[in-house]
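As a plain string of letters, each chain reads:
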Amino acid sequence: MPKVKTNRVKYPEGWELIEPTLRELQAKMREAENDPHDGKRKCETLWPIFKIAHQKSRYIFDLYYRRQEISKELYEFCLDQGYADRNLIAKWKKPGYERLCCLRCMQPRDHNFATTCVCRVPKHLREEKVIECVHCGCRGCVSGD
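An account of the accompanying structure is given in this report. (Residues numbered from 1 in each chain as written. Predicted model: local features only at pLDDT ≥ 70, side-chain atom pairs only at ≥ 80, totals over all residues. Heavy atoms only, no water.)

Here's the deal with the packing of aromatic side chains
Any aromatic ring pair is given by two values, namely how distant the centres are and how the planes are angled relative to each other.
Here is step 1: Scanning the entire structure with this criterion turns up 9 aromatic pairs.
Here is step 2: Ring plane angle 50° and centroid distance 5.2 Å describe the contact between Trp15 and Tyr83, whose orientation is recorded as tilted. Of this pair, Trp15 sits in helix 1 (residues 15-34) while Tyr83 sits in the loop between helix 3 (72-80) and helix 4 (86-92), and the two are 68 residues apart along the sequence. An identical accessibility class is assigned to Trp15 and Tyr83; each is buried. (Phe/Tyr/Trp six-rings, centres within 6.5 Å; stacked < 30°, edge-to-face > 60°. Helix = DSSP H or I, 4+ residues; strand = E, 2+ residues; numbered from the N terminus. Buried < 20%, exposed > 50% of the residue type's maximum accessible area, 1.4 Å probe, protein only.)

Looking at the nonpolar core
Here is step 1: Counting residues in hydrophobic clusters, the biggest one holds 31 residues, and the most contacted among them are Trp15, Ile18, Ile60, Ile70, Cys101, Cys105 and Cys119.
Here is step 2: Mapped onto this core, the elements with two or more residues apiece are helix 1, helix 2 (47-66), helix 3 and helix 4.
Here is step 3: Summarising the domain contributions, this core has at least three residues from each of domain 1 (1-93) and domain 2 (96-144). (Core = buried A, V, L, I, M, F, W, Y, C linked by side-chain atoms within 4.5 Å. Domains from an automatic or database assignment.)

Below, the structure is given as structure tokens:
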């Protein structure tokens, strides 16, 4: 008789401390995905989803690197299970990208003239003072502001 495989995930120690916040952010994400997008531009419908994904990644990043409240095992578990974006966190560790909003804002292939997004330009160098990124709705994620 074949063994029955279960999809039980073994949660590392300390999971119960961060689980309520992650569940709350998951609920917000589900709500943002099901939110009607009547009257919004096509790009604006994804902005809340990008914002919540950024919040989840920043929460786990801060717990591990800034406050040192979670273990490396729990941090790796969160990255492996998709609770945080591994590539975005890797960029946050590099100088000049500490406040990066999303990975699309720094990729030159997604923008005109092979440059970065307008939200990556420092405020004192902008012609317009109030701008919003087309990709994620960011109003400025350059580290020098």
